[in-house]
Amino acid sequence: MTAAVIITICILLLIAYLFDVTARSTRIPSVILLLVLGWLSQNAATFFSIPVPDLSGALPVLGTIGLILIVLEGTIELELNPEKKKTIILSQIMAAAPMLAGTALIAWLLWSYHPGPPHHWRPYVLNAIPFCIISSAIAIPSSRGLGASNREFVIYESSTSDVLGILLFNFILVNDSFGLHTYAAFGGEFLLMMAVSLAATIGLTYLLGRIRHPIKYGPIIIMVILIYGISKAYHLPGLIFIMLFGLFLGNLKQVKKLRWGKKMNYEKLNQEVHRLSELLAEAAFLIRSLFFILFGFLIQTRELLNPDSLVLAVVISGILILLRLAFLRLAGLPAAPLLYLSPRGLITILLFLSIEPADFVPGVDRSLIIQVIMISALFMMTGLLQAKNDSGTTA
């Protein structure tokens, strides 16, 4: 039995690697293929009466670790310099504005479907936020075939969307009432996380350059996950630390210009960051593949094709697409391919798993979540395929 499990996992991961390798040429997002692979595996296990234990508990663990690795891997690639100022500002606007507008519209839509007391808005907002967050776990890997400027924009935007979305979600989740003291406490938590992030970033960078033991990158990654886990336990925005650490490592050339940064051995540290980045890419691929295969495995056909939630899923997806198009136009950005690079996925699932049963809104169930994720992934695939055709025609 153990051998069969090992063989199955290895075969699935090798197939996932094949999807990843061919994604740039086919422009089919690997997440769709991974979900289908997981779903087919589940149906095969049912058909052949293969007993499978309950694996749903592994989903949030894999998802959280995958989110950390993917955001860290993506932000290490980003270069901060004056020429990037416009890209950074516009990406932050595109991460925040459609999310806030979408949250308000979808919360109102959910309330229209299942009205509650006028003052009872909190559950509707909680259930709306996850739909409005771009999944960096899907957007960043899917942007590999784009030009450098578009890829940078996608990394900045999706990473910021994750951070802001989790901040907003946790703020609503942990507070039952909202007043001056609530906002003051939130501001204090944010400043505390910034201080912790700065100290941890400097400390981990120092360790990265100083550890002489052959095993060094594993402990560094474990400490990064540990810091995120502790911050999450206290409802602090841990992704701020992940982004700050990644940006710090990816911009050592800029850090070296600072007074205390001149003490760094830049060449040696840069080599270590390069090796760490390679390891992160390998680890992120494994965790991301396992997460989406497992999520696909847990999808029931009746949930995917549930007609009761399909109309609402299409309406929610339409709202998100139209809002994104409107804000892209207002920002003076081209619609293609950025319009399509706003998938929902890992972070959406993780946040829904965090909602307490008392805050569930009728109609917002697994079927609706799965359908919105699939619609966004298919929409992204359509856009990437169109971009491929356009570039082929131009050539």
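This one's a predicted model, so the numbers in the text were calculated from it and none came from an experiment.

Participant: Quick rundown of the overall build of the protein? Include the residues and the values.
Facilitator: Scanning the protein for helices and strands turns up 16 helices and zero strands. Computed over the C-alpha atoms, the radius of gyration of the protein is 21 Å, within 12% of the 21 Å expected from 2.2 N^0.38 for a compact globule of 395 residues. For the protein, the residues scored as buried account for 50% of the 395 residues in total. Within the protein, residue pairs in contact and separated by at least 24 positions form 82% of the contacts whose partners lie at least 6 positions apart.

Participant: Can you break down the nonpolar core residue by residue, with the values?
Facilitator: Counting residues in each nonpolar core, the largest one holds 120 residues, and the members touching the most others are Ile 106, Phe 131, Ile 242 and Ile 316. Tallying contributions element by element places helix α12 (residues 266–298) first for this core, with 15 residues. If we skip the residues at most four places from it in the chain, Phe 131 touches Ile 106, Ile 316, Leu 320, Arg 344, Thr 348, Phe 352, Val 364, Leu 368, Ile 369 and Val 372.

Participant: Summarise helix α3 (residues 58–76); cite the residues concerned and give the values.
Facilitator: A rise of 1.5 Å per residue sets the reference length of α3, with its 19 residues, at 27 Å; its end C-alpha atoms lie 27 Å apart and thus fit the reference within 8%. With 15 of 19 residues buried, α3 is to be regarded as a mostly interior element.

Participant: I'd like a description of the side chain of Thr 205, backed by residues and values.
Facilitator: Here Thr 205 is to be found in helix α8 (residues 180–210). Side-chain polar atoms of Thr 205 contact the backbone oxygen of Thr 201, separated by 2.7 Å. The residues touching Thr 205, leaving out its near neighbours within four places in the chain, are Phe 245, Phe 248, Leu 249 and Leu 269.

Participant: An account of the packing of helix α1 (residues 2–26) against α12 is needed here, citing residue identities and associated values.
Facilitator: Closest axis-to-axis distance for the α1/α12 pair is 10 Å, and the angle between their directions is 105°. Comparing their axes, α12 and α1 come out roughly perpendicular. Along the contact surface, α1 presents Ile 9, Leu 12, Leu 13, Ala 16, Tyr 17 and Asp 20, while α12 presents Phe 285, Leu 286, Arg 288, Ser 289, Leu 290 and Ile 293. For the contact of α1 with α12, the residue count by class is nine nonpolar, one polar and two charged.

Participant: Pulling in residues and values, what's your account of the confidence of the model for the protein?
Facilitator: A residue-level look at the protein finds 95% of positions with pLDDT of 70 or above and a mean pLDDT of 86. Across the protein, the element-wise mean pLDDT spans from 77 in helix α11 (residues 252–255) up to 94 in helix α14 (residues 307–330).

Participant: Go over the packing of aromatic side chains, please, and point to the residues and values.
Facilitator: On inspection of all chains with the given rule, the structure shows nine aromatic pairs. For the ring pair Phe 241 and Phe 245, a centre distance of 5.9 Å and an interplane angle of 15° mean the geometry is stacked. One end of the pair, Phe 241, and the other, Phe 245, are both in helix α10 (residues 238–250), four residues apart, so they sit about a helical turn from each other. Here Phe 245 falls in the buried class, since its relative accessible area comes to 0%. Following the ring pairs from residue to residue traces out a cluster consisting of Phe 171, Tyr 183 and Phe 186.

Participant: With reference to specific residues and values, describe the packing of α8 against helix α9 (residues 217–233).
Facilitator: Between α8 and α9, the least distance of the axes is 11 Å, while the angle of their chain directions is 170°. Considering the angle they form, α8 stands roughly antiparallel to α9. Residues Met 193, Ala 200, Leu 204, Leu 207 and Leu 208 of α8 pack against Tyr 217, Ile 220, Met 223, Val 224, Ile 227 and Ser 231 of α9. Here the contact of α8 with α9 is built from residues that sort into ten nonpolar, one polar and no charged.

Participant: I'd like a description of helix α7 (residues 148–174), backed by residues and values.
Facilitator: Compared with the 39 Å implied by 1.5 Å per residue over 27 residues, the 39 Å span of α7 between its first and last C-alpha is a close match. Of all 27 residues in α7, 21 are buried, a share of seventy percent or more.

Participant: Break down unusual backbone geometry for me, citing the residues and quoting the values.
Facilitator: Between Ala 336 and the following residue, Pro 337, the backbone shows a cis peptide bond with an omega angle of 5°. In this structure, Pro 337 sits in the loop between α14 and α15 (346–354). Of note in this structure, Ser 49 is not a glycine but carries a positive phi near 55°. With respect to the secondary-structure elements, Ser 49 resides in the loop between α2 (30–47) and α3. Among the residues examined, Ser 49 registers a relative accessible area of 62% and is labelled exposed.

Participant: Pulling in residues and values, what's your account of the environment of Ser 161?
Facilitator: Along the chain, the position of Ser 161 falls in helix α7. Excluding residues that lie within four positions of it along the chain, Ser 161 makes contacts with Ala 95, Met 99, Cys 132, Ile 133 and Ile 134.

Participant: Tell me about a nonpolar patch on the surface, and please be specific about residues and values.
Facilitator: Among the surface-exposed residues, Phe 47, Phe 48, Ile 50, Val 52 and Leu 55 lie close enough to one another that they form a single nonpolar patch of about 510 Å² accessible area. Considering the arrangement of structural elements, one finds Ile 50 in the loop between α2 and α3. In this structure Ile 50 comes out as partly exposed when scored by relative accessible area, which is 45%.

Participant: So what's going on with the environment of Val 224? Which residues, and what values?
Facilitator: Looking at where Val 224 falls in the secondary structure, it is placed in helix α9. Residue classification places Val 224 among the buried positions, given a relative accessible area of 2%.

So, how was this worked out
Residue positions are given per chain, counting from 1 as you read along its sequence in written order. For a predicted model such as this one, the threshold for reporting local features is a pLDDT of at least 70, and the threshold for listing and counting side-chain atom pairs is 80 or more; totals across whole chains, interfaces and linings nevertheless cover every residue. The side-chain numbers reported here are obtained from all heavy atoms of the structure, hydrogens and water having been left aside. Helix and strand assignments come from DSSP, with helices taken as H or I runs of at least 4 residues and strands as E runs of at least 2, each series counted from the N terminus. Radius of gyration here is computed from C-alpha atoms only, and the compact-globule reference equals 2.2 Å multiplied by the residue count raised to the power 0.38. Exposure classes here rest on a 1.4 Å probe applied to the protein chains alone. A residue is buried below 20% of its type maximum, exposed above 50%, and partly exposed in between. Contacts were defined at the residue level, with two residues in contact if any of their heavy atoms lie within 4.5 Å. The set of buried Ala, Val, Leu, Ile, Met, Phe, Trp, Tyr and Cys residues whose side-chain atoms join them within 4.5 Å is what this entry labels a nonpolar core. In this scheme, a helix's expected span is set at 1.5 Å multiplied by one less than its residue total. Here a polar contact is recorded for every N or O atom pair within 3.5 Å, except that within protein the pair must consist of a potential hydrogen donor and a potential acceptor, and residues adjacent in sequence are included only if both atoms are side-chain atoms. Comment: axis = line fitted to C-alpha atoms, over the contacting stretch for helices; angle = value between 0 and 180 degrees taken between N-to-C directions. Orientation labels follow simple angle bins: below 35 degrees gives roughly parallel, above 145 gives roughly antiparallel, 65 to 115 gives roughly perpendicular, and whatever is left gives oblique. Three classes are used, and their members are as follows: Ala, Val, Leu, Ile, Met, Phe, Trp, Tyr, Cys and Pro are nonpolar, Asp, Glu, Lys and Arg are charged, and the others, Gly among them, are polar. Looking at any residue, its pLDDT shows the predictor's confidence there, from 0 to 100. Paired rings are identified among Phe, Tyr and Trp, the last through its six-membered ring, by centres lying within 6.5 Å, and are further divided according to the angle between planes into stacked (under 30 degrees), edge-to-face (over 60) and tilted (the rest). By definition, no residue in a patch forms a salt bridge, and every one has over 30% relative accessible area; like charges are joined within 9 Å, nonpolar side chains (Val, Leu, Ile, Met, Phe, Trp, Tyr) within 5 Å. Per-residue and other accessible areas were derived by the Shrake-Rupley procedure at a 1.4 Å probe size, with only the shown protein chains allowed to occlude residues. Should a side-chain nitrogen of Lys or Arg be within 4 Å of a carboxyl oxygen of Asp or Glu, the pair is scored as a salt bridge.

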